[in-house]
Amino acid sequence: MLGSTGSIGVSTLDVVARHPERFHVVALTAHSNVERVVEQAIQFQPRYVVMVDAKRAQQVRERLAARALGVNMAKNTEVLSGVDALCEVAALPEVDVVMAAIVGAAGLLPTLSAVRAGKRILLANKESLVMGGEFFMRAVQESGAELLPVDSEHNAIFQCMPAKVQTGLENAGVARILLTGSGGPFRNTPLAQLPAVTPAQACAHPNWSMGRKISVDSATMMNKGLEFIEACLLFNARPDQVEVVVHPQSVIHSMVEYLDGSVLAQMGNPDMRTPIAHALGWPERIRSGVPLLDLIKVAQLHFEAPDEARFPCLRQAKSAALVGGWAPIALNAANEVAVDAFLNEKIRFTDIANLIDGVLQGMTASTIEGIECILAVDQEARRSACQALERLRR
Ligand code: NAD
Ligand code: MG
């Protein structure tokens, strides 16, 4: 479990706990939430807990030791720290399945470690795929790893696709992928009010409860942009074969349209435990704890085209998908810096897209040959985004 204390991590452990005969947790990893990871360690008794920094790892050790005096103990749990330890636990021989649920670029190296070890990877951490691009997909093919999408849209597309999509969509009889998105909390907010919206308003998603970074991405629709790139990579689709459709109810999670005009949709309540359980159980079906869908109560499904004037980040991501290589890496890095600044009230909501535009325009095109190139472009874009932030604050 890479990122066990986050929104996806907690939902995953909720599903895992429903199937004690099926799953055993080998390792939990987290960044800062000591309390939560200690509770999880006591409940799931993993062999390892990994914290990103050593100080927090020591806190976890002390709390587990204190708790070991009581009835519930995690006495066989070893607590490690550092990025290398994250990569090591993702590649352990006793691990069959890795849930990649770290947020942002920090997930790239641990996820790649699981890929190289040929694991079955349940991919929530879309940023690692957006950054890794073709290089990431080649590594999957070379190692024989299995990549199962957890992002609800891609999980839906996967469920609606014929098996052999990696040979190209046309060969599989597919005309288009219809990628749905709710439009977020500001779909109908007057444009003039957008500069003044607060982080709390941006994080109040109408349908989904998620971590703060992806919530802001949903409000700018950069989330859909990253998912656009993710869909092209996962399903070997060209950008012109993916169409974004705004669907405010979040009941249809995405669709696949075939050459004969058939459109297959995957539906369900907006609860991440459904795609998580699908990926955990695949190819079997297991219970997720999600209530069955009440279509009578839903009553209406509504669709509209995305408004690119309202959501410039969607346009930025689509252009980055066309350029490929360095562009999605820079887009993702600039977005991470901008979203963090917005969440810390250093810039306005509408500055997010402006900042990304500035970074993308200032980048020099480069070819991506390996992980070093990926990390170098990421760093260059972050530096440029931080400089732009300084200028904005002055
Ligand atoms: P979150 O912020 O709730 O949790 C993030 C997790 O990553 C936490 O466990 C945290 O400890 C860990 N983490 C944070 N920074 C880290 C670092 N520097 N090094 C190592 N670990 C670190 O985020 P989330 O909403 O659970 O999202 C996780 C990923 O899943 C994101 O990539 C997101 O885009 C994707 N995703 C989330 C949802 C959702 O509903 N929440 C849906 C689809 C995809
Ligand atoms: Mg999604």
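Above this text sits the structure in question.
What this report covers is the structure whose coordinates are included nearby. (Residues numbered from 1 in each chain as written. Chains lettered and ligands numbered in written order. Predicted model: local features only at pLDDT ≥ 70, side-chain atom pairs only at ≥ 80, totals over all residues. Heavy atoms only, no water.)

**Points about the site of ligand 1**
Stated formally: Here, proximity means that at least one heavy atom of the residue falls within 4 Å of the molecule or strand. Polar contacts, as counted here, are pairs of nitrogen or oxygen atoms within 3.5 Å of one another; within protein the pair requires one atom able to donate a hydrogen and one able to accept it, and residues that are adjacent in sequence qualify only if both atoms are side-chain atoms. To be clear on the numbers: accessible area is Shrake-Rupley with a 1.4 Å probe, and residue cover counts the displayed protein chains and nothing else. Runs of H or I in DSSP of at least four residues are treated as helices and runs of E of at least two as strands, each being numbered from the N terminus.
Taken together, 22 residues lie around ligand 1, and Thr5, Ser7, Ile8, His31 and Glu127 are the ones closest in. Between Ser7 and ligand 1, the recorded distance is 2.9 Å, taken from a backbone N or O atom to an oxygen atom. Between ligand 1 and Asn125, the relevant distance is 3.5 Å, taken from an oxygen atom to a side-chain nitrogen or oxygen of the residue. If ligand 1 stood free it would expose 830 Å²; the protein chains cover 87% of that surface. Those elements that provide at least two residues to the shell around ligand 1 are helix H1 (7-17) and helix H6 (126-143).

**Some remarks on empty space enclosed by the protein**
To keep it simple, the criterion reads: Points on a 1 Å grid over protein atoms alone make up a cavity when a 1.4 Å probe fits among them but cannot get out, and a pocket when they form an open set with protein on both sides within 12 Å along at least five of seven lines; lining residues each have an atom within 4 Å of a point. Grid points are joined across faces, edges and corners, and a volume is the space filled by probe spheres set on the points. Amino acid classes used here: Ala, Val, Leu, Ile, Met, Phe, Trp, Tyr, Cys and Pro are nonpolar; Asp, Glu, Lys and Arg are charged; the rest, including Gly, are polar.
A complete count under the given rule lists 1 cavity of 30 Å³ or more for this structure. Estimated volume of the largest cavity: approximately 30 Å³. If you go around the largest cavity, the residues you meet are Ser152, Trp208, His253, Gln266, Asn269, Asp271, Thr274 and Pro275. Its residues assigned to classes, the lining of the largest cavity shows 2 nonpolar, 5 polar and 1 charged.

**Concerning the pattern of salt bridges**
Close approach of charged atoms allows side chains with opposite charge to pair. Rules: Put simply, a salt bridge is a Lys or Arg side-chain nitrogen that is within 4 Å of an Asp or Glu carboxyl oxygen. Residue burial is assigned from relative accessible area. The probe radius is 1.4 Å, only protein chains are included, and a residue is buried under 20% of its type maximum, exposed over 50%, and partly exposed in between.
In this structure the tally under the stated criterion is 25 salt bridges. Where Asp14 meets Arg18, a salt bridge forms, and the shortest distance between an N and an O atom there is 2.9 Å. For Arg18, a relative accessible area of 40% gives the class partly exposed. For Asp307, the salt bridge identified is with Arg310, shortest N-O distance 3.8 Å. Residue class for Asp307 comes out partly exposed when judged on its relative accessible area of 35%. Residue classification places Arg310 among the buried residues on the basis of a relative accessible area of 14%.

**What to know about the pairing of strand S8 (residues 242-246)**
Applicable threshold: Pairing between strands is defined by DSSP: at least two bridges between the two strands are required.
For S8, a buried count of 4 out of 5 residues is recorded, marking the element as mostly surrounded by other parts of the structure. Taken together, the 5 bridges between strand S7 (residues 174-181) and S8 define a ladder with parallel strand orientation. From the neighbouring strand, Gly181 faces S8, where its bridge partner is Val246.

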